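Reading the structure
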Amino acid sequence: MDDIKNYLDLLFYRNKIVECYYSIYNDYKILTPFSLDSKEDITLDFVNCTICGAKDNISNNRVGENYIISQPCLRNNHIDALKDKNNKTNYMGYFTMLGGFCYINDKDNWIQKFNEIVIRQFTFFKTIYKDNFIKLTIPMQYKEYLPLTEETKEKLLNSNCQILYSDIDEKNLKWKYGIEDVQGYGTRWEIAGLKESFVNCGNDIVLFKNNKAIGIDFGSGLETLVSVINGEEHLLYSNIVCSDLIKKFCKGNQNNEKLIDCLTSLLCIEHYKEYYNFRIKYLKYMYIKIISAICIINNISEEYLILLINDICKNISIKDNKKNILLINEIKKQKEYLYNINFSKNIEKLVNTYEETKNIYNLRGYKKNISYIEIEALKFIKEKEKRDEKAQKIKKRR
């Protein structure tokens, strides 16, 4: 496949990958994506969203029809990476999970079912990435839950796929789904990217209930799959929101990337969440704080912010303009709040390092969860005040 040069290329490759996936699982039912409102299913807030079509059946000990789905979802558990200077994120809160679910009933040979999924997943990866090296990792401690048959091993090894049994404690390959007595154990698929580093491209997870295999949850982030073609480390450039306007806006500027991430997640929260629990309120509050700070540091006008918001909304099918206006007003108020913080002379002398600054503003009653971006914004404001004051003095001398 050729490199992705513009937004039309991006849409083309995203659609091609989805079509290929559906063709590999042509005997599975294709589900309509679920709403991002997670009032009934918290998994829509995290990575495991492909299971949302099976949770009701699993909870009630029922077997349903095997399905696949291309499911938009919202991953808000990386908020700390967005607000902390020392943490980096190469993915976005809003993304698409391409995957499905295979039920296992009492008469099924669950080991055979698991191996069938492994072969289908490998076939899919090999169809897209004909020349890329592929690696399948199975944690040693979960080996009994993820048994590969000799036939499967032979097929993979003969097709240039490495099988790695890891003795490292792979905690992220153990899943909890919020269903009583259900536990999942998973593999990890990795594809060699353009820079010869491996990219985590998906998981096959066997679910057990009371030590009995009941199903297989499998999937990959669509953005990750596109990124291998795209050759981009940051998954923003493989995301549906990354129009030519946004790509140009973000190139070479990590703060602008974070701004688009926060804007997209904030819009999803505001438009798709039909309820506001403490977690949702906290996330909205933090996104607005980070967005406001970046707008100050990078001198992003209200007009340009509206342009970016409208572009994002168009690409993720959000149409409610009234809520967008309210969000703009909240961002505007937060910017004013930052501009209106008073600096005493004693505190000015202490504003040197991230840690010192953070402690200072916490002591002054500044709201908790201050982020490094806000601290940078406050420093930016202070430096601008000094420059303006100096310019005024020079002007008066003339």
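First, a word on what this report is: a plain description of the structure on this page. All residue numbers here refer to positions counted from 1 along the written sequence of the relevant chain. In view of the model being predicted, local features appear only for residues whose pLDDT reaches at least 70, and side-chain atom pairs are presented and counted only at 80 or more, with totals across whole chains, interfaces and linings using the full set of residues. Hydrogens and waters are ignored; side-chain quantities use all the structure's heavy atoms.

On to the overall build of the protein. What the protein contains, in helices and strands, is 14 helices and 10 strands. Under the scheme applied here, a residue whose accessible area is under 20% of the maximum for its type counts as buried, over 50% as exposed, and between as partly exposed, the area being computed with a 1.4 Å probe on protein chains only. Looking at the protein residue by residue over its 398 residues, the buried ones come to 53%. By the convention used here, residues are in contact when the closest approach between their heavy atoms is within 4.5 Å. Put simply, of all contacts in the protein between residues at least 6 apart along the chain, 71% involve residues at least 24 apart. Total accessible area on the protein stands at roughly 19900 Å², and carbon and sulfur atoms take up 48% of it. Working definition: helices are DSSP H or I runs of at least four residues, strands are E runs of at least two. Numbering for both runs from the N terminus. Using a 1.4 Å probe, the Shrake-Rupley method yields the accessible areas, and only the shown protein chains count as cover for residues.

Our focus in this paragraph is the packing of aromatic side chains. Any Phe, Tyr or Trp ring, taking Trp's six-membered ring, that has another such ring centre within 6.5 Å forms a pair; planes under 30 degrees apart are called stacked, those over 60 apart edge-to-face, and the others tilted. Enumeration over the complete set of coordinates arrives at 18 aromatic pairs. Taking 6.0 Å as the distance between ring centres and 65 degrees as the angle between the ring planes, the aromatic pair formed by Phe 133 and Phe 198 counts as edge-to-face. Of this pair, Phe 133 sits in the loop between helix H4 (110-128) and strand E4 (134-139) while Phe 198 is found in strand E9 (residues 198-209), placing the two residues 65 residues apart along the sequence. For Phe 133, a relative accessible area of 28% gives the class partly exposed. Looking at Phe 198, the relative accessible area reads 31%, which means it is partly exposed. With a centroid separation of 5.6 Å and 40 degrees between ring planes, the pair formed by Phe 249 and Tyr 304 is classed as tilted.

What makes a nonpolar core is a set of buried Ala, Val, Leu, Ile, Met, Phe, Trp, Tyr and Cys residues whose side-chain atoms join them at distances within 4.5 Å. Core analysis: the largest hydrophobic core is formed by 102 residues, its most contacted members being Phe 124 and Ile 260. Broken down by element, the residue count for this core peaks at 12 residues, all from helix H9 (residues 278-297). Every residue in contact with Phe 124, bar those within four places of it in the chain, is listed here: Ile 17, Cys 20, Tyr 21, Ile 24, Leu 98 and Leu 225. Among the nonpolar cores identified, the runner-up in size contains 16 residues, and Tyr 67, Leu 173, Tyr 177 and Val 182 belong to it.

Looking now at the environment of Asn 160. With respect to the element layout, Asn 160 can be found in the loop between helix H5 (150-158) and strand E5 (161-166). Note: C-alpha distance between Asn 160 and Asp 131 (29 residues apart in sequence) is 9.6 Å. Residues in contact with Asn 160, not counting those within four places in the same chain, are Lys 126, Phe 133 and Ile 134.

Another aspect to go through is the pattern of salt bridges. For this document, the term salt bridge refers to a Lys or Arg side-chain nitrogen within 4 Å of an Asp or Glu carboxyl oxygen. Inspection of the entire model under this criterion finds 14 salt bridges. One salt bridge connects Glu 151 with Lys 155, and the closest N-O pair in it is separated by 3.7 Å. Linking Glu 151 with Lys 155, this pair stays in helix H5, spanning four residues, or about one helical turn. According to the relative accessible area criterion, Glu 151 is exposed, its value standing at 54%. Between Arg 188 and Glu 190 there is a salt bridge, with its nearest N and O atoms 4.0 Å apart. Residues Arg 188 and Glu 190 agree in their burial class; the two are buried. Beyond isolated ion pairs, a larger network of salt bridges with shared partners links Lys 135, Arg 188 and Glu 190.

Despite not being glycine, Asn 160 has its phi angle at roughly 65 degrees, a positive value. Residues other than glycine seldom take positive phi values, yet Asn 299 does so here, at roughly 55 degrees. You can see Asn 299 is positioned in the loop between H9 and helix H10 (302-315). Classification of Asn 299 by relative accessible area gives exposed; the value is 68%.

It is worth spelling out the pairing of strand E8 (residues 188-192) at this point. In terms of residue burial, E8 counts as a mostly covered element, since five of its five residues are buried. Side chains Arg 188, Glu 190 and Ala 192 project from E8 onto one buried face, and the interleaved Trp 189 and Ile 191 project onto a second face that is buried too. A pair of strands is treated as paired once DSSP finds two or more bridges between them. The pairing of E4 with E8 spans four bridges and is antiparallel. Each bridged residue has a counterpart across the sheet, and for Lys 135 the counterpart in E8 is Glu 190. Relative to E9, E8 runs antiparallel, the two sharing four bridges. Paired with Glu 190 across the two strands is Asn 200, which belongs to E9.

Convention adopted: a line fitted to C-alpha atoms gives each axis, helices being fitted over their contacting stretch, and angles between N-to-C directions are expressed from 0 to 180 degrees. Interhelical geometry of helix H1 (residues 7-24) versus H4 gives an angle of 145 degrees and a closest axis separation of 10 Å. When the axes of H1 and H4 are compared, the crossing they make is right-handed. Contacts from Ile 17, Cys 20, Tyr 21 and Ile 24 in H1 reach Arg 120, Gln 121, Thr 123, Phe 124, Thr 127 and Ile 128 in H4. Basically, the charged four are Asp, Glu, Lys and Arg, the nonpolar ten are Ala, Val, Leu, Ile, Met, Phe, Trp, Tyr, Cys and Pro, and anything else, Gly included, counts as polar. Residues belonging to the contact of H1 with H4 are distributed by class as follows: six nonpolar, three polar and one charged. Handedness of a crossing is defined here by the sense of rotation of the near helix relative to the far one, left-handed for an anticlockwise turn of less than a right angle and right-handed for a clockwise turn.

What follows is about the side chain of Asn 115. Locating Asn 115 in the fold gives a position in helix H4. A distance of 2.9 Å separates a polar side-chain atom of Asn 115 from the backbone nitrogen of Thr 149. Filtering out sequence-adjacent residues up to four positions away, Asn 115 remains in contact with Pro 147, Leu 148, Thr 149 and Thr 152. In the analysis that follows, any N or O atom pair within 3.5 Å is treated as a polar contact, provided that within protein one partner can donate a hydrogen and the other can accept it, and provided that, for residues neighboring in sequence, both atoms belong to side chains.

Purely spatial values, then, with no claim about function.
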